[in-house]
Amino acid sequence: MLIFWKQKLVFLATPKAGSSAIEAALEPLADVAILRPAELKHTSAQDFQGYLAPYLAQKSGEAFTTVALMRQPIDWLRSWYRFRLRDDDEDPDHPMIGRTFEQFAQDYISPSRPAHANFSSQSEFLCDALGTCAVDTIFRYDQIDRFVHFLEDQLDFAITLPRVNVPPAVDVTLSETTQAALTQAMKSDFKLYESLG
């Protein structure tokens, strides 16, 4: 999470949606940069609105605008898969050893998700408890240039994003059956993503 005091702007770091590259490029410009631990770096919109937004508004006398990125839902899950593959890949007992993306996707939509596939959805991160979007502006990750131009206008600074956390190249194909099941299981994410301009 990055906070820009003068601009009254907050970047909420959606997990697996380019946050590390944004933070690497913009940390020197931010007045507050929360990069670790992950639980604070990835403060959700609901937690921000409930805890930090009132505090910032009280201290500055103005409300802060929130921005975030969102990835196409299945591409987002692919990013998690690549991340999990890389995580502790030298451990011979690592649960991802030999696991295909098809299996990982099925783990994610399982009623009892195993630990390696147990993480919150993008809509849970970006929305409130009622499922209403709690971020002022969300940009699509596949249109990150629009986001960069927005930031350049807000910060009056030319931005070049570095390549960080580059995932391994692996097979991330899905069967039609699993893709259909994922689309149904992730319908809140798809609804939010399709609402973005």
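Residues numbered from 1 in each chain as written. Predicted model: local features only at pLDDT ≥ 70, side-chain atom pairs only at ≥ 80, totals over all residues. Heavy atoms only, no water.

A.B. asks: Please set out the packing of aromatic side chains residue by residue, giving values where relevant.
C.D. replies: Within this structure, the stated rule accounts for 13 aromatic pairs. Between Trp 76 and Tyr 108, the aromatic rings sit 6.1 Å apart at their centres with planes inclined by 75 degrees, giving edge-to-face as the arrangement. With Trp 76 in helix α4 (residues 73–86) and Tyr 108 in helix α5 (residues 101–108), this pair connects stretches of sequence that are 32 residues apart. Summarising the burial analysis for this pair, Trp 76 and Tyr 108 share the class buried. Joined through ring pairs, the aromatic side chains of Trp 76, Trp 80, Tyr 81, Phe 83, Phe 101, Phe 104, Tyr 108 and Phe 119 make up one cluster. Here the basic side chain of Lys 16 rests over the ring of Phe 83, its NZ or CZ set 3.9 Å away from the ring centre. The aromatic ring of Tyr 141 is capped on one face by Arg 71, whose charged end is 4.1 Å from the ring centroid. (Phe/Tyr/Trp six-rings, centres within 6.5 Å; stacked < 30°, edge-to-face > 60°. Helix = DSSP H or I, 4+ residues; strand = E, 2+ residues; numbered from the N terminus. Buried < 20%, exposed > 50% of the residue type's maximum accessible area, 1.4 Å probe, protein only. Lys NZ or Arg CZ within 6 Å of the ring centre and 35° of its normal.)

A.B. asks: Tell me what's going on with the pairing of strand β4 (residues 65–70), and back it up with residues and numbers.
C.D. replies: Burial analysis of β4 places 5 of its 6 residues in the buried class, which makes it a mostly covered element. Note: strand β2 (residues 9–12) against β4, 4 bridges, orientation parallel. For Val 10, the partnering residue across the bridge sits in β4 and is Thr 66. As defined by bridge partners, β4 adjoins strand β5 (residues 137–140) across 4 bridges and the pair is classed as parallel. Each bridged residue has a counterpart across the sheet, and for Ala 68 the counterpart in β5 is Ile 138. (Pairing = 2+ DSSP bridges.)

A.B. asks: Tell me about α5, residues and numbers included.
C.D. replies: With 6 of 8 residues buried, α5 is to be regarded as a mostly interior element. Residues of α5 that are buried: Phe 101, Glu 102, Phe 104, Ala 105, Asp 107 and Tyr 108. Buried-residue contacts for α5 involve α4 and α8 (176–185). (Contact = heavy atoms within 4.5 Å.)

A.B. asks: So what's going on with the environment of His 42? Residues and values would help.
C.D. replies: Tracing the backbone through its elements, the reader meets His 42 in the loop between α2 (38–41) and α3 (45–60). Spatially, the C-alpha atoms of His 42 and Ala 13 are 5.2 Å apart, while their sequence positions differ by 29 residues. Setting aside residues no more than four positions away along its own chain, His 42 makes contact with Ala 13, Thr 14, Pro 15, Ser 19 and Phe 125.

A.B. asks: Which residues make up the environment of Ser 188, and what values do they have?
C.D. replies: Inspection of the secondary structure assignment puts Ser 188 in helix α9 (residues 187–195). Sequence separation of Ser 188 and Cys 127 is 61 residues, and the distance between their C-alpha atoms is 10.0 Å.

A.B. asks: Report on the environment of Leu 40, specifying residues and quantitative values.
C.D. replies: Its location among the elements puts Leu 40 in helix α2. With 27 residues separating them in the primary sequence, Leu 40 and Ala 13 have C-alpha atoms 9.6 Å apart.

A.B. asks: An account of the pattern of salt bridges is requested, with residue identities and associated values reported.
C.D. replies: Following the criterion strictly, the structure yields 3 salt bridges and no others. Here Lys 41 ties to Glu 23 by a salt bridge, and the two come within 3.1 Å at their closest N and O atoms. Placement of the pair is Lys 41 in helix α2 and Glu 23 in helix α1 (residues 19–26), with a sequence separation of 18 residues. For the pair Lys 41 and Glu 23, one class covers both residues: buried. A salt bridge links Asp 107 to Arg 99, with the shortest nitrogen-to-oxygen separation between them at 3.0 Å. Assessed through its relative accessible area of 14%, Asp 107 is described here as buried. In this structure Arg 99 comes out as partly exposed when scored by relative accessible area, which is 25%. (Salt bridge = Lys/Arg side-chain N within 4 Å of Asp/Glu carboxyl O.)

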